[in-house]
Amino acid sequence: IYTLSLHDALPILWLKQIDRLKYGSVLTDLMIQKLEGIVHLDLGYLRLMQASPTLSGGEMQRIRLSQMLDSELSGIIYILDEPTAGLHEDDTNRVIDAMRTLRERDNTVIVIEHDTQVIRAADYIVEIGPGAGREGGEVVYQGPAANISQASGSIIRGYLEETFHLPACPARSFSDLLTVKHADSNNLKDLTVHIPLNAMVLVTGVSGSGKSSLVFDEILPALEAAFQGKACNGILEGWRKLDGVVSFRQGALYGNSRSNVATYIDVYQNIRELYENQKAAAERTLTKKSFSFNVPGGRCEVCHGAGTVDAGLPFLEGMQSICPSCGGQRFKDEVLEVTYQNKNIAQVLKMTGKEAMEFFKSISKVERKLKVLCEIGLGYLPLGSMLNTLSGGECQRLRLAKELIKKKRGHILYVFDEPTTGLHPQDVRAIMRMFGRLVDSGNSLIIIEHNMSVISQADYIIDLGPQGGEKGGNLLYEGPLPGLLDVMGSATGGCLKAYIDPSWKG
């Protein structure tokens with residue numbers, strides 16, 4: 001029983017048939033209720049013995065939600081942080097139903113969310129903005145969801161009222177194919193998949209349908225082996241048309257605890273070289289190293305360049321206070337006396353990417369890197385923002401910015417794992433513009449995604465399913481986007497229809 005998935009129904013049937021007098025009806029009813037709640041949230045493909053670390057973020061969110069539904073408590077405030085992150089649109093409907101159930105039990109549900117499907121279902125909306133970073137922090141609108149159409153300053157309003165269409169222009173033409181054969185990792189059913197090159201290819205399907213298994217357990221390992229000169233006959237074809245592959249997976253950015261945005265995109269080195277070349281730096285015998293807060297030399301040695309020191313208060317472990325020596329500036333006074341256009345290095349690190357791009361517009365190699373940061377929708381981040389303070393969506397985009405700055409030559413295959421997770425629709429639009437530029441400049445994209453506004457712009461779809469777990473792993477459809485609408489049993493095709501204007505005839 002413990003090794004079976006809930007789709008097999010045997011765990012629930014077994015509980016219903018066991019001797020209730022011996023084991024207790026209250027206990028068995030409780031277990032049945034818990035298991036049926038998990039199935040209702042479309043997690044029936046999970047095995048009871050499956051380890052928690054192997055679950056995706058979306059799966060963990062829904063399991064927690066099912067635990068909330070088990071409780072008959074009322075008068076509780078539930079706070080959910082993007083509960084639909086990483087979920088297929090079909091799964092999102094189930095999460096919305098679950099939150100409504102909590103509300104109907106006289107509870108209050110506060111949800112942080114970007115998904116327009118969830119926002120439309122809300123009773124009351126509090127919108128913060130209008131921009132991000134220093135350009136945000138204001139209440140743009142608060143009131144009933146039905147009245148947001150009258151809020152002139154609302155940013156999300158336009159996306160809630162937006163009508164989705166399939167692209168008016170035909171999909172990009174392509175002639176070269178990357179073919180992967182005998183894909184059978186996890187729940188994949190010995191698939192043969194064709195991936196057009198010089199195109200934006202979306203891999204879709206409900207949670208657990210095999211998308212990550214296909215891309216990250218089959219396609220990427222086969223490509224890496226091929227580029228290393230290992231035999232891949234009978235498994236991978238067409239890879240010689242590529243000059244390289246770059247993948248972007250969910251997770252934190254690599255770097256030490258002192259890494260910031262400027263160091264990550266390799267622009268800090270250019271800025272430090274600029275300050276080294278100032279006359280005031282030469283007079284003080286300061287070098288490029290002096291303008292780094294990570295190494296001895298120009299940094300404040302009281303706080304070691306952190307800008308804060310341990311407060312040393314009893315019973316308050318980890319309390320920090322501003323460094324009394326540098327006042328939080330991180331550098332020695334002699335370093336701060338060196339300026340470029342009346343700004344010292346500490347002031348530059350406090351600039352947002354957008355401000356810094358304008359400030360360094362005469363320094364082409366600096367301006368170029370900062371322009372990429374802004375184009376990817378991260379122009380609001382201060383250059384000195386520490387990497388460990390960034391959200392998952394910001395980390396994904398910062399990785400992309402770093403790769404784009406490198407100016408890779410040749411035909412590169414870029415692989416993305418749900419790049420719009422945690423992004424506002426306005427940010428999604430910015431990243432889609434960047435994707436279009438990547439393909440138009442001669443590259444290829446494979447994107448695992450649930451967001452319908454992204455799927456609607458694909459050149460080619462690979463749809464897996466029909467469900468998750470053992471009932472997934474089948475190739476439901478591969479081909480240009482319009483054909484997906486006619487595929488019976490495709491949850492993605494069904495959801496996509498709801499986003500397309502009814503006047504569209506195909």
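Look up: the structure comes first, before these words.
Structure report, in brief. (Residues numbered from 1 in each chain as written. Predicted model: local features only at pLDDT ≥ 70, side-chain atom pairs only at ≥ 80, totals over all residues. Heavy atoms only, no water.)

## Thoughts on the pairing of strand β7 (residues 200-204)
Here's step 1: The element β7 is largely enclosed, with a buried count of 5 among its 5 residues.
Here's step 2: Burial along β7 is two-sided: the residues M200, L202 and T204 and V201 and V203 are all buried.
Here's step 3: Of the strand pairs in this sheet, β7 and strand β14 (residues 460-465) are connected by 4 bridges, and their pairing is parallel. When the bridges of β14 are listed, T204 appears paired with D463. (Buried < 20%, exposed > 50% of the residue type's maximum accessible area, 1.4 Å probe, protein only. Helix = DSSP H or I, 4+ residues; strand = E, 2+ residues; numbered from the N terminus. Pairing = 2+ DSSP bridges.)

## Re the packing of helix α15 (residues 364-375) against helix α16 (residues 392-405)
Here's step 1: One can describe the packing of α15 onto α16 by two numbers: an axis separation of 9 Å at closest approach and a directional angle of 145°. Here α15 runs over α16; the crossing is right-handed. Side by side, α15 and α16 meet where R368, K369, V372 and L373 of the first sit next to L398, A401, L404 and I405 of the second.
Here's step 2: Partitioning the contact of α15 with α16 into residue classes produces 6 nonpolar, no polar and 2 charged. (Axes fitted to C-alpha atoms, helices over the stretch in contact; angles between N-to-C directions. Left-handed = near helix turned anticlockwise from the far one by under 90°. Contact = heavy atoms within 4.5 Å. Nonpolar A, V, L, I, M, F, W, Y, C, P; charged D, E, K, R; others polar.)

## Structural notes on the sheet that holds strand β13 (residues 444-448)
Here's step 1: One open sheet holds the 6 strands; their spatial order is β9-β12-β13-β7-β14-β15, and the pairing between them is mixed. If you trace the sheet from one side to the other, it starts and ends with β9 (244-248) and β15 (474-479), each paired once. With strand direction ignored, the average angle separating the axes of adjacent strands in the sheet is 15°.
Here's step 2: Relative to strand β12 (residues 412-417), β9 is paired through 5 bridges, and the arrangement is parallel. Residue pairing in the sheet places S247 in a bridge with V415 of β12.
Here's step 3: Across the sheet, α16 lies against β9 and β12, angled at about 155° from β9, the strand it touches most.

## Some remarks on the pattern of salt bridges
Here's step 1: A full pass over the atoms with the stated rule returns 17 salt bridges.
Here's step 2: In this structure, the salt-bridge partner of E375 is R437, at a minimum N-O distance of 3.0 Å. In this pair, E375 sits in helix α15 while R437 sits in helix α17 (residues 425-440), placing the two residues 62 residues apart along the sequence.
Here's step 3: On the basis of relative accessible area, E375 is assigned to the partly exposed category, the value being 25%.
Here's step 4: Its relative accessible area of 46% is what places R437 among the partly exposed residues.
Here's step 5: A salt bridge links E403 to K406; the nearest nitrogen and oxygen atoms lie 3.3 Å apart.
Here's step 6: The class for E403 is buried, based on a relative accessible area of 13%.
Here's step 7: Linked through salt bridges whose partners overlap, the residues forming this network are R103, E104 and D123. (Salt bridge = Lys/Arg side-chain N within 4 Å of Asp/Glu carboxyl O.)

## Considering the environment of N270
Here's step 1: Looking at where N270 falls in the secondary structure, it is placed in helix α10 (residues 268-276).
Here's step 2: Note on N270: relative accessible area 11%, which makes it buried.
Here's step 3: A distance of 2.7 Å separates a polar atom in the side chain of N270 from a polar atom in the side chain of K369. (Polar contact = N/O pair within 3.5 Å; in protein donor to acceptor, adjacent residues only side chain to side chain.)

## Topic: helix α8 (residues 211-227)
Here's step 1: Helix length check: α8 (17 residues) gives 23 Å between terminal C-alpha atoms against 24 Å at 1.5 Å per residue, within 8%.
Here's step 2: Considering bend angle alone, the principal kink of α8 is centred on L220 and spans about 25°; proline P221 follows within four residues of it.
Here's step 3: In terms of residue burial, α8 counts as a mostly covered element, since 12 of its 17 residues are buried.
Here's step 4: Along α8, the residues that are buried comprise K211, S213, L214, V215, F216, E218, I219, L220, A222, L223, A225 and A226.
Here's step 5: At the C-terminal side of α8, G229 shows a positive phi close to 85°. (Expected span 1.5 Å × (residues − 1). Bend = angle between axes of the 7 residues up to and from the residue.)

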